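Results of the structural survey
The primary structure of each chain is shown beneath.
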Amino acid sequence: MIDWLIGWSMRNRFLVGSGVLLVVALGIFELRRTPIDAIPDLSENQVVVYADWAGRSPQEVEDQITYPLSVYLKGLSGVKGVRANSMLGFSLVTVVFEENVDNYFARTRVLERLSSVGEILPKDVVAKLGPDATGLGWVYEYYLKVDRSKRGAEGYDLGRLRAVEDWFIRYQLNAVSGVAEVASIGGFVRQYQIGVSSVKMKAAGVSLEEVLEAVGRSNLNVGGKVIEENGMEFVVRGGVVSEIDC
């Protein structure tokens, strides 16, 4: 058989050469159409549910968040299993679906179930869906660097760089097609801190609860009305008058 095949190939070199070129062309064509991932996503078809309960022990999180969520999500159609982790201050529940279930259909079903799960969770605890990605989807990493000759007099410290990342760059990258999440790491997250003195509070007869209420009232935005005068509109909001051209 092998002798006959070799002999036939030698007598029909044109057909053999044409067949080889055709196979090579088809291979190149299919290679250009085949999606290639540097790190293939081998994870299961899963949806991650995250619930935050700051300051609580893992046992409390397990009893009041993780277990009720796990039981409540097991009844979904196409669910193969539910895995959960209870940690200090938060809970992670992974709902594993069958491979033939579409990922976005699975996320929709979990989201529908979470909309009615609030009554079984503690007050102020909201269960949220995790990002539409896994750890294997991490494909790009960047860092911010400022040219010393163009940074100006104020400069860019770690806090300002983190603010630029969180309020400008991250939103631009999230708008790119195919990007599920942009996770910021490092820098100093901008925050405001109020230092209280127990000695001064005791002398003034003020409790910590009253301080918290005063801070909350200072951040309230009160909407007013629009005053029209001389072709101008004056918008009253939060005690501040801003001028807008008509």
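Scoring rules and cut-offs
Residues numbered from 1 in each chain as written. Predicted model: local features only at pLDDT ≥ 70, side-chain atom pairs only at ≥ 80, totals over all residues. Heavy atoms only, no water. Helix = DSSP H or I, 4+ residues; strand = E, 2+ residues; numbered from the N terminus. Areas by Shrake-Rupley, 256 points an atom, 1.4 Å probe, with all protein chains shown as cover. Core = buried A, V, L, I, M, F, W, Y, C linked by side-chain atoms within 4.5 Å. Buried < 20%, exposed > 50% of the residue type's maximum accessible area, 1.4 Å probe, protein only. Contact = heavy atoms within 4.5 Å. Axes fitted to C-alpha atoms, helices over the stretch in contact; angles between N-to-C directions. Parallel < 35°, antiparallel > 145°, perpendicular 65-115°, else oblique. Nonpolar A, V, L, I, M, F, W, Y, C, P; charged D, E, K, R; others polar.

**Considerations on the overall build of the protein chain**
Along its length, the protein chain carries 7 helices and 7 strands. Of the regular secondary structure in the protein chain, the N- to C-terminal order runs α-α-β-α-β-β-α-β-α-α-α-β-β-β. With an accessible surface of roughly 19300 Å², the protein chain has 58% of that area assigned to carbon and sulfur atoms.

**Remarks on the nonpolar core**
Counting 21 residues, the largest nonpolar core has Val49, Ile65, Leu69, Leu73, Phe97, Val110 and Leu114 as its most contacted members. Where this core is concerned, the elements lending two or more residues are strand 1 (46-52), helix 3 (58-73), strand 3 (90-97) and helix 4 (103-114). The element contributing the most residues to this core is helix 3, with 4 residues. Apart from the residues lying within four places of it in its own chain, the contact partners of Ile65 are Ala51, Trp53, Glu60, Ser91, Leu121, Pro122 and Val125.

**Some details on the environment of Val79**
On the secondary structure map, Val79 appears in strand 2 (residues 79-87). Considering only alpha carbons, one finds Val79 and Asn45, 34 residues apart in sequence, at a separation of 9.7 Å. Apart from the residues lying within four places of it in its own chain, the contact partners of Val79 are Leu73, Lys74, Val95, Val96 and Phe97.

**Observations regarding the packing of helix 1 (residues 2-11) against helix 2 (residues 13-33)**
Here helix 1 crosses helix 2 at 95 degrees, and the two axes come no closer than 5 Å. Between helix 1 and helix 2, the interaxial angle falls into the category roughly perpendicular. Facing Trp8, Ser9, Met10 and Arg11 of helix 1, the residues of helix 2 in contact are Arg13, Leu15 and Val16. Taken together, the residues of the contact of helix 1 with helix 2 sort by class into 4 nonpolar, 1 polar and 2 charged.

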